[in-house]
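Given next are the chains, with one letter for each unit.
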Amino acid sequence: MLLHSPKGDGIGGIGGQSQIFTSAKTAEKTLNQVTWALGTVFITLTIVLSAGWLNR
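Since we're looking at a predicted model, the values are computed, not measured. (Residues numbered from 1 in each chain as written. Predicted model: local features only at pLDDT ≥ 70, side-chain atom pairs only at ≥ 80, totals over all residues. Heavy atoms only, no water.)

(A) Quick peek at the overall build of the chain. Looking only at helices and strands, the chain has 1 helix and 0 strands in total. Out of the 56 residues in the chain, the part that is buried amounts to 11%. Accessible surface computed for the chain: about 4,900 Å², of which carbon and sulfur atoms make up 65%. (Helix = DSSP H or I, 4+ residues; strand = E, 2+ residues; numbered from the N terminus. Buried < 20%, exposed > 50% of the residue type's maximum accessible area, 1.4 Å probe, protein only. Areas by Shrake-Rupley, 256 points an atom, 1.4 Å probe, with all protein chains shown as cover.)

In structure tokens:
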């Protein structure tokens, strides 16, 4: 993925262990879900705006 490395330290390598996530596996899963969601939103908006479907 472009936003994070799927292997290695994960969220713990960014400056200490984060208290938001209970484990590195949970952090990785959450980052993957956020990455896919933002990618989907970006592609959807790109298609809608380039097609001109919002013009009145």
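What follows continues from the structure just given.
(B) Just helix H1 (residues 24-51), in detail. Over its 28 residues, H1 runs 40 Å from end to end, which matches the ideal 40 Å to within 8%, given 1.5 Å per residue. In the segment just after H1, glycine 52 is the residue with positive phi, at about 75°. (Expected span 1.5 Å × (residues − 1).)

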